[in-house]
Amino acid sequence: RRANVCLAHMDLTQFSSLLAMLPPDAMSGDETNHQPGQKWYAITKLTWQSQAATKWLRVFDLIHLSTQFSCNGCAKHGAFPHTHIPSCQVEMPSQPIPQLPSNFYDAAWLLTLDDDAKTQLRMLPEVDLMHTTAVLA
């Protein structure tokens with residue numbers, strides 16, 4: 001879904017290869033929360049993922065949601081995405097994914113690791129996670 005969003009806005013195409021390299025386990029999960037008459041999902045956090053990476057990925061989710069509406073603001077035909085709400089819930093267990101850019105890992109979490117554990121991550125160089133103002137508008 002996020003990879004397809006890169007086609008929705010020309011300023012997102014620069015991130016196509018980065019998104020393609022991210023395995024599903026590098027994305028936050030969700031927990032179903034059912035209440036009478038409502039069905040929504042709480043977005044769970046990965047203990048090792050940086051806030052910058054989480055915010056960067058969330059923009060793709062919001063752009064995807066925006067593609068479900070026509071120019072006049074009416075919902076398009078077809079299945080509408082489920083409601084996902086950010087939460088403080090932590091995904092358990094949350095195993096770190098190796099070979100991600102260094103800024104995908106939470107700095108405080110990295111400080112808890114010994115040198116061997118950090119080496120096993122085989123971190124890639126930091127990448128630019130800034131979205132353009134046109135994307136954020």
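In this convention, every chain numbers its residues from 1, walking through the sequence in written order. Reporting in this predicted model follows two pLDDT cut-offs: at least 70 for local features of residues, and 80 or more for side-chain atom pairs to be given and counted; totals over whole chains, interfaces and linings ignore these cut-offs and use all residues. With hydrogens and water excluded, all non-hydrogen atoms of the structure serve as input to the side-chain values.

Quick look at the overall build of the protein
At step 1: When you go through the protein residue by residue, the secondary structure sums to 6 helices and 3 strands.
At step 2: Starting at the N terminus and walking to the C terminus, you meet the elements of the protein as α-α-β-β-α-β-α-α-α.
At step 3: Every one of the 137 residues in the protein was classed for burial, and the buried ones make up 31%.
At step 4: By the convention used here, residues are in contact when the closest approach between their heavy atoms is within 4.5 Å. Of the contacts formed within the protein by residues at least 6 apart in sequence, a portion of 63% connects residues at least 24 apart.
At step 5: In the structure as shown, the protein presents an accessible area of about 8800 Å², 58% of it carried by carbon and sulfur atoms. Helical segments are the DSSP runs of H or I of at least four residues, strand segments are the runs of E of at least two, and each set is numbered from the N terminus. Throughout, exposure labels follow a simple rule: accessible area from a 1.4 Å probe, protein chains only, divided by the maximum for the residue type, with under 20% read as buried, over 50% as exposed, and the rest as partly exposed. Reported accessibility uses the Shrake-Rupley method at a 1.4 Å probe radius. Residues are deemed covered only where the shown protein chains occlude them.

Focus: unusual backbone geometry
At step 1: Its identity is not glycine, yet Gln99 carries a phi of approximately 60°, on the positive side.
At step 2: Looking at where Gln99 falls in the secondary structure, it is placed in the loop between β3 (83–90) and α4 (107–111).
At step 3: Here the phi dihedral of Arg122 falls at roughly 45°; this positive angle occurs in a residue that is not glycine.

Some points on the nonpolar core
At step 1: Ranked by internal contacts, the top residues of the largest apolar core, which has 27 residues, are Leu12, Leu22, Trp48, Trp56, Phe60, Leu100 and Phe104.
At step 2: Breaking this core down by element, the ones donating at least two residues are α2 (16–21), α3 (51–66) and α4.
At step 3: Top element by residues in this core is α3. It accounts for 6 residues.
At step 4: Contacts of Trp48, omitting those with residues within four sequence positions, involve Asp25, Ala26, Ser94, Gln95, Pro96, Ile97, Leu100, Phe104, Tyr105, Asp106 and Trp109. Here, nonpolar core means buried Ala, Val, Leu, Ile, Met, Phe, Trp, Tyr and Cys residues that are tied together by side-chain atoms lying within 4.5 Å of each other.

Regarding the side chain of Ser50
At step 1: Tracing the sequence through the fold places Ser50 in the loop between β2 (38–45) and α3.
At step 2: Judged by relative accessible area, which is 7%, Ser50 ranks as buried.
At step 3: Dropping the residues within four chain positions of it, Ser50 is found in contact with Asn103, Phe104, Tyr105 and Asp106.

Section: the confidence of the model for the protein
Detailed reading of the predicted coordinates is not advisable wherever pLDDT falls low.
At step 1: Residue-level confidence of the predictor is summarised by pLDDT, bounded by 0 at the bottom and 100 at the top. When pLDDT is averaged along the protein, the result is 81, and 68% of the positions lie at 70 or above.
At step 2: Within the protein, helix α5 (residues 115–121) carries the highest mean pLDDT (97), whereas strand β1 (residues 30–35) carries the lowest (61).

Section: the packing of aromatic side chains
At step 1: Aromatic rings from Phe, Tyr and Trp, taking only the six-membered ring of Trp, are treated as a pair when their centres fall within 6.5 Å; an angle between ring planes under 30 degrees marks them as stacked, one over 60 as edge-to-face, and anything in between as tilted. All told, the structure shown has 6 aromatic pairs when counted by the stated rule.
At step 2: On the basis of an interplanar angle of 80° and a centroid distance of 6.1 Å, the ring pair of Phe15 and Phe60 is categorised as edge-to-face. Within this pair, whereas Phe15 is found in the loop between α1 (2–5) and α2, its partner Phe60 is found in helix α3, the two being separated by 45 residues in sequence. Like Phe60, Phe15 is buried.
At step 3: When the ring of Trp48 is compared with that of Tyr105, the centres are 5.7 Å apart and the planes differ by 45°; the resulting orientation is tilted. Here Trp48 is found in the loop between β2 and α3, whereas its partner Tyr105 is found in the loop between β3 and α4, with 57 residues between them in sequence.
At step 4: Linked through ring pairs, Phe15, Trp56, Phe60 and Phe104 together constitute an aromatic cluster.

A word on the side chain of Gln49
At step 1: By the secondary structure assignment, Gln49 is in the loop between β2 and α3.
At step 2: Polar contacts, as counted here, are pairs of nitrogen or oxygen atoms within 3.5 Å of one another; within protein the pair requires one atom able to donate a hydrogen and one able to accept it, and residues that are adjacent in sequence qualify only if both atoms are side-chain atoms. A distance of 2.8 Å separates a polar atom in the side chain of Gln49 from a polar atom in the side chain of Thr54.
At step 3: Apart from residues lying up to four places away in sequence, Gln49 is in contact with Ala26, Thr54, Leu57, Phe104 and Asp106.

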